[in-house]
Each structure stands twice: as C-alpha cells, then as structure tokens.
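Below are the chains, spelled out letter by letter.
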Amino acid sequence: MKKVTLLLALCAFATTSFAQTTPSTEVKVRDNGTTKVVTKTGKTNVGQALDNTKDAAGNVAKKTGHAIKRGAKKTEHAVKHGANKASEKTKEGTAKMEAKTE
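Residues numbered from 1 in each chain as written. Predicted model: local features only at pLDDT ≥ 70, side-chain atom pairs only at ≥ 80, totals over all residues. Heavy atoms only, no water.

Trainee: Quick one: what's the story with the overall build of the chain, residue by residue and with numbers?
Mentor: A count of helices and strands for the chain gives 2 helices and 2 strands. Starting at the N terminus and ending at the C terminus, the chain contains elements arranged as α-β-β-α. Classification of the 102 residues of the chain by burial places 1% in the buried group. For the chain, the accessible area works out to roughly 9700 Å², and carbon and sulfur atoms hold 62% of it. (Helix = DSSP H or I, 4+ residues; strand = E, 2+ residues; numbered from the N terminus. Buried < 20%, exposed > 50% of the residue type's maximum accessible area, 1.4 Å probe, protein only. Areas by Shrake-Rupley, 256 points an atom, 1.4 Å probe, with all protein chains shown as cover.)

Next up, the structure:
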C-alpha cells in the first residue's frame, strides 16, 4: 500500500512539474526612466485558443481526407460494377445475335 501511494504521489508531482513552463522575466523601461519587471508564466488565453484552433483544423483536414478517400473507393467500385454489368449485357446481346444468324 505504501508503494502504491508513493507511486501515485510521484506521478502527480511529475505531471504538475511537466505542465508548468519556466517563467520568463522582462524588464521594461518606461519613457520617464522607471523600470517595470514583467513575468510571463505561460500561454495567454489567445495563444491557447490559437493552438486549439490549429489542432481542430488539423482534425477537420484529416477527417475530410478520409471522407474523400472513402468516396473515391465507393465511386471506383460503382464504376467497376457498372462496367462489368454493361460487358455482360453486351456479351449476352452478341450471343443472341449470333444465335439468330445461324
């Protein structure tokens, strides 16, 4: 039981430390000569939204590509089926014509 608890605690710690990004600090100098220290600790809401949009666009493109490929396979199958059907009708008609001429 101790090992399981220790393992879970270690995983939780590793996950939280992985999720955090290293903060960066910037020193901005204003027009009047004073300085301002700005600390950035990760993505802004806009940056995260852009990443989410990019991921969603990738998913849509992948699904669209799959649908196009599937549609092409269906069309190919239908064309082959139609061609085979027409070929059989032609053979049958030719055989009937030959039978009549004999």
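Trainee: An account of a positive patch on the surface is requested, with residue identities and associated values reported.
Mentor: On the surface, Lys 69, Arg 70, Lys 73 and Lys 74 cluster together to form a positively charged patch. Within the secondary structure, Arg 70 is located in helix H2 (residues 45–101). On the basis of relative accessible area, Arg 70 is assigned to the partly exposed category, the value being 47%. (Patch = residues over 30% accessible without salt bridge, like charges linked within 9 Å, V, L, I, M, F, W, Y side chains within 5 Å. Salt bridge = Lys/Arg side-chain N within 4 Å of Asp/Glu carboxyl O. Lys, Arg positive; Asp, Glu negative; His and termini not counted. Charge placed at Lys NZ, Arg CZ, Asp CG, Glu CD.)

Trainee: Help me get a handle on the confidence of the model for the chain, residues and values and all.
Mentor: Per-residue confidence for the chain averages 79 on the pLDDT scale, and 77% of its residues sit at or above 70. Mean pLDDT values over the elements of the chain span from 57, in helix H1 (residues 2–19), up to 86, in H2. (pLDDT = per-residue confidence, 0-100.)

Trainee: Please provide a residue-by-residue account of the pattern of salt bridges, values included.
Mentor: For the structure on display, the rule yields 2 salt bridges. For Glu 76, the salt bridge identified is with Lys 80, shortest N-O distance 3.7 Å. Pair noted here: Glu 76 and Lys 80 are both in helix H2, with a separation of 4 residues, about one helical turn. The partner of Lys 96 in a salt bridge is Glu 92, and the shortest N-O contact between them spans 3.7 Å. Here Glu 92 and Lys 96 lie together in helix H2, a separation of 4 residues that amounts to about one turn.

Trainee: Describe in detail the pairing of strand E2 (residues 35–40), supporting the description with residues and values.
Mentor: Examined bridge by bridge, strand E1 (residues 24–29) and E2 share 6 bridges and lie antiparallel to one another. By the bridge assignment for E2, Glu 26 is matched with Val 38. With antiparallel pairing between neighbouring strands as the criterion, E1 and E2 make up a hairpin whose turn holds 5 residues, including Gly 33 at a positive phi of roughly 100 degrees. (Pairing = 2+ DSSP bridges.)

Trainee: Describe the environment of Pro 23, and please don't skip the residues or the numbers.
Mentor: Take Pro 23: it is sitting in the loop between H1 and E1. Sequence separation between Pro 23 and Gly 42 is 19 residues; the distance between their C-alpha atoms is 6.9 Å. Filtering out sequence-adjacent residues up to four positions away, Pro 23 remains in contact with Thr 39, Lys 40 and Thr 41. (Contact = heavy atoms within 4.5 Å.)

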